[in-house]
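Analysis of the macromolecular model
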Amino acid sequence: MKRLVLLGGGHAHVYVLDALARQPLADTEVVLVSPSPRQIYSGMLPGWIAGHYPLDACAIALPPLAARAGATLRQTRATALDLAAREVLCADGARIGFDWLSIDTGPVTARHRIAGADAHALAVRPIESFVEGIERLFADIIHDPALTVAIVGGGAAGVELSFALRQRCPDARLSLIGSAALPLDGLPRRLQHRANTLLTERRITWHGGRRAQSVDATGVVLDNGSRVAARHVLQVTGAAAPRWPAAAGLACDDGGFIRVDASLRSTSHPVVFAAGDIACYSDPRPKSGVFAVRAGPPLAANLRAAIGGETLTPWRPQRRALYLISTGDRHALAAWGPLAWWGDWVWRWKDRIDWRFIARFSA
Ligand SMILES: Cc1cc2nc3c(=O)[nH]c(=O)nc-3n(C[C@H](O)[C@H](O)[C@H](O)COP(=O)(O)OP(=O)(O)OC[C@H]3O[C@@H](n4cnc5c(N)ncnc54)[C@H](O)[C@@H]3O)c2cc1C
């Protein structure tokens, strides 16, 4: 009997589990390692903050999905890999042996890049601790409706979270800090201007062209020396890689993301596969849930082929991802390449996609 270990219950692995439930692997034990029994779907997280969905509706329950796939769920976190011994070393002290390993553990927040962030900022990842921190923020708001919150990170996630917080906390004093002149850097200019206008209309102060240098108990110090007062600081800066894949000797790019070939197989260790934000594809794509989801079917097919000794099939990710960014008021902004739209119909479109995703993996 061989053993396949699925590390992380991320967007690609929920698809792999679903595929295994439909068609089990012969003579293979499957073990899923996840620190939490649920996978909170980041696409709906701003909707939970805005008050549109209960948290349970934004999460995929992993135990029933694992059970349907015939997989054993080990609720712990990988801290290291021993590739020579083919073992995953876990936070609870367990060493889980594998014949095949697939990694979909997502990114981490680069806390070390902002002095004091470890002690004074709430990082968006891990999402489970972010949710706990947001619940504390909601509790504080009850006592002080006008409290100050600074969100560091002017990309899609930071913008979406700012609008969601405004919806939930109408009197809070909100600031959004981003390194580009306009929010949503990299998306169509028209959309950036629209987001900027909405930030002003919603009384969210935009600090553009600025980097957060340090965080302390009273706020954020920017790279021009100015200070943004804040009782709560949320760090929503881009995706970084954890240290353990490179430390284990897996081939990684300069950022520490696992290099995989077109079949999603590690370029250095043929028994290891990776997908989602933790992976650096042979034809790289932006870190995005869309690409993590799209990697699910080829990952499932290639794990099956590798275990069965068959030829792997290359995957060519689509060139563009659709961005759907909710603005807290059941409206949303959309971008597809150079095209941009917005409106309540965009939010309904996003809402349908999100519910469909969750429903697919819930019994
Ligand atoms: C607020 C917010 C909103 C977003 N909205 C969108 C959106 O609308 N559309 C979009 O395309 N992208 C969106 N993104 C980006 C998206 O979240 C990521 O690109 C996506 O989650 C990556 O998927 P993944 O499968 O790689 O990892 P994840 O979804 O992060 O899943 C990784 C899983 O692995 C687990 N894990 C982590 N470390 C370990 C470990 N050491 N051992 C075992 N398990 C581990 C985690 O608990 C988690 O369950 C958003 C991000 C944020 C923060």
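Everything numeric in this text was worked out from a predicted model, so none of it was measured.

1. Details of the site of the ligand
The immediate surroundings of the ligand are formed by 28 residues, with Gln39, Ser42, Asp104, Arg125 and Asp277 found nearest. Val290 is positioned with one of its backbone polar atoms (N or O) 3.0 Å from an oxygen atom of the ligand. Taken by itself the ligand offers 990 Å² of open surface, and the protein chains cover 86% of this. Here the shell around the ligand is composed, by residue class, of ten nonpolar, twelve polar and six charged. When residues are assigned to domains, the shell around the ligand turns out to be shared by domain 1 (2–107 + 241–307) and domain 2 (111–238), each giving three or more.

2. Concerning the sheet that holds strand S9 (residues 100–103)
Taken in spatial order, the five strands line up as S5-S2-S1-S9-S21 in an open sheet, and their pairing is parallel. Each having just a single partner strand, strand S5 (71–74) and strand S21 (272–274) make up the two edges of the open sheet. On average, adjacent strands in this sheet sit at an angle of 20° to one another, irrespective of strand direction. Of the strand pairs in this sheet, strand S1 (residues 2–7) and strand S2 (residues 28–33) are connected by six bridges, and their pairing is parallel. Note on S2: the bridge partner recorded for Leu7 is Val33.

3. Regarding the pairing of strand S18 (residues 232–235)
Of the two faces of S18, the one carrying His232 and Leu234 and the one carrying Val233 and Gln235 are both buried. Bridge count between strand S11 (residues 122–123) and S18: two bridges; the pairing is parallel. Bridge pairing links Ala123 to Gln235 in S18. Pairing of strand S12 (residues 148–152) with S18, which is carried by four bridges, proceeds in the parallel orientation.

About the cut-offs
- Residue positions are counted from 1 within each chain, in the order its sequence is given.
- Selection of residues for local features in this predicted model requires a pLDDT of at least 70, selection of side-chain atom pairs for listing and counting requires 80 or more, and totals for whole chains, interfaces and linings are taken over all residues.
- Water and hydrogen atoms were dropped before computing side-chain values, which therefore reflect all heavy atoms in the structure.
- Near, as used in this document, describes a residue that has one of its heavy atoms within 4 Å of the molecule or strand being considered.
- What qualifies as a polar contact is a pair of N or O atoms within 3.5 Å, subject to a donor-acceptor requirement within protein and to the restriction that residues adjacent in sequence count only when both atoms come from side chains.
- Areas reported here follow the Shrake-Rupley algorithm with a probe of radius 1.4 Å; residue values treat only the protein chains shown as occluding.
- Under the scheme applied here, ten amino acids are nonpolar (Ala, Val, Leu, Ile, Met, Phe, Trp, Tyr, Cys and Pro), four are charged (Asp, Glu, Lys and Arg), and all others, including Gly, are polar.
- Segmentation of the chain into domains, including their bounds, is taken from an automatic or database domain assignment.
- Should DSSP find at least two bridges between two strands, the strands are taken to pair.
- To qualify as a helix, a DSSP run of H or I must reach at least 4 residues; to qualify as a strand, a run of E must reach at least 2; elements of each kind are numbered from the N terminus.
- Simply put, an axis is a line fit to the C-alpha atoms, just over the touching stretch for a helix, and the angle between two N-to-C directions goes from 0 to 180 degrees.
- Exposed residues in this analysis have more than 50% of their type's maximum accessible area, buried residues have under 20%, and partly exposed residues fall in between, with area computed by a 1.4 Å probe over protein chains only.

By themselves, these are just geometric observations and shouldn't be taken as functional.
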